[in-house]
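The primary structure of each chain is shown beneath.
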Amino acid sequence: MTVETAAITAIAAYCLSTGLWVLRQNRGLNTVFPQVFALLALSAHALSHGLYWQAHSGPDVHFFAALSWTTLAMAAITAVLTAHRPLSALGILVYPLAAVSLLAYWRWGAHTTSALDWRLKLHASFALLAYASLSIASLIAMLYWLQDRALRRRHLQGWLGALPPLVQTEQLLFKTLGASWLLLTLTLVTGLVFVQDMLAQHLWHKTVLTALSWLVLLILLIGRMRWGWRGARAVHWTLGAMALLALAFFGSKFVLEMVL
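Position numbers for residues start from 1 in each chain and track the written sequence from start to end. Local features in this predicted model are restricted to residues whose pLDDT is 70 or higher, and side-chain atom pairs enter the listing and the counts only when it is 80 or higher, whereas totals over whole chains, interfaces and linings include all residues. Water and hydrogen atoms were dropped before computing side-chain values, which therefore reflect all heavy atoms in the structure.

Novice: What should I look at first to understand the overall build of the chain in this one?
Specialist: A count of helices and strands for the chain gives eight helices and zero strands. A run of DSSP states H or I qualifies as a helix once it reaches four residues; a run of E qualifies as a strand once it reaches two. Both are numbered from the N-terminal end. Along the chain, from the amino end to the carboxyl end, the secondary structure elements read α-α-α-α-α-α-α-α. Type-normalised accessible area, obtained with a 1.4 Å probe on protein chains alone, sets the label of each residue: buried when under 20%, exposed when over 50%, and partly exposed for intermediate values. Here the chain, with 260 residues, has 45% of them falling under the buried criterion. Calculation of accessible area relied on Shrake-Rupley with a 1.4 Å probe; when residues are assessed, cover is drawn exclusively from the protein chains displayed. Total accessible area on the chain is roughly 13,200 Å²; 67% of this is exposed by carbon and sulfur atoms.

Novice: Would you explain the packing of aromatic side chains in this entry?
Specialist: Each aromatic ring pair is specified by the distance between its two centres and by the angle formed by the two planes. Between the rings of Phe, Tyr and Trp (Trp by its six-membered ring), a pair exists once the centres lie within 6.5 Å; its type follows the angle of the planes, with under 30 degrees stacked, over 60 edge-to-face, and the other angles tilted. All told, the structure shown has eight aromatic pairs when counted by the stated rule. Look at phenylalanine 63 and phenylalanine 64: their rings are 5.1 Å apart centre to centre, the planes differ by 85°, and that puts the pair in the edge-to-face class. The two residues phenylalanine 63 and phenylalanine 64 agree in class, both being buried. With centroids separated by 5.6 Å and ring planes inclined at 25°, the aromatic side chains of tryptophan 181 and tryptophan 214 adopt a geometry described as stacked. Note that tryptophan 181 is positioned in helix 6 (residues 166-194) and tryptophan 214 in helix 7 (residues 204-227), a separation of 33 residues in sequence. In this structure tryptophan 181 comes out as partly exposed when scored by relative accessible area, which is 23%. Cluster of aromatic residues (ring-pair linked, three or more members): Tyr52, Tyr105 and Trp106. Here, a charge over a ring is recorded when the distance from Lys NZ or Arg CZ to the ring centre is within 6 Å and its angle to the ring normal is within 35 degrees. Sitting above the plane of the phenylalanine 174 ring, arginine 224 keeps its charged end 4.4 Å from the centroid.

Novice: Quick question: what am I supposed to make of the pattern of salt bridges here?
Specialist: Between side chains of opposite charge, a pair can form as their charged atoms come close. Any Lys or Arg side-chain nitrogen found within 4 Å of a carboxyl oxygen on Asp or Glu counts as a salt bridge. Here the structure, examined in full by the defined rule, presents two salt bridges. A cluster of three or more residues bridged by salt bridges with shared partners is formed by Glu170, Arg224 and Arg230.

Novice: Honestly, the side chain of glutamine 147 in this entry has me stumped. Any pointers?
Specialist: Relative to the helices and strands, glutamine 147 is located in helix 5 (residues 118-152). Of the polar contacts made by the side chain of glutamine 147, one reaches the side chain of threonine 169; its length is 3.1 Å. Distance and chemistry together define a polar contact, namely a pair of N or O atoms within 3.5 Å, with one atom able to donate a hydrogen and the other to accept it when in protein, and with adjacent residues in sequence counting only for side-chain atoms on both sides.

Novice: What's the story with the environment of alanine 232 in this structure? I'm lost.
Specialist: In this structure, alanine 232 sits in helix 8 (residues 231-259). Classification of alanine 232 by relative accessible area gives partly exposed; the value is 35%. For the pair alanine 232 and aspartate 148, spaced 84 residues apart in the sequence, the C-alpha separation amounts to 9.0 Å.

Spelled out as structure tokens, the structure:
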């Protein structure tokens, strides 16, 4: 299979999985088929990057490639969550995003490789997983906020009715936030240990923004444990942490690679 064939297969499978999740939500169809197409999309998406990596003896980690890698991780997390919980809304949001990011990579990507040793690859992997995990947490936070508002107004209809009970959505949100904080911790530690000459590599601002995101998540998790923070406050802190990490991970990357 060629790189292009794998990418086209992934995009088509993402679209089919999204459509089947919509039908499942509206008509109560079986969850097996959307999950099968999601797994096919994930496999083809990963294969497209793997084949490129093999052909060019290294990974592409430029802006659109990093975006594609991140949405692949988000789609993988989504596949795990939707396999055990009624979270079809999450698949409907994430899978089209993964398809668009993969299409953007093959249409506008730099398609150049970067020489990274195992230490930098480890650091980059933790950063990618942290961003993907916090992105999923942000989507769950928005679904949680919409569900909570609908319950308060006694108007829980349509796709909101397909979500888990509010308590379970809240528990899933904070479990995902805890995983995001742990991955961010590993990102910062490996960055400080393995990355040299941060000023020369224009990495100091990424480190500062990532550390601020880490601190915001830590305060939120402590607030949850000690004072029972929930609802709109939890959503606002989650989105704040996500905004800081987005600036650190993609904002600076966009400026350095696409603008300058």
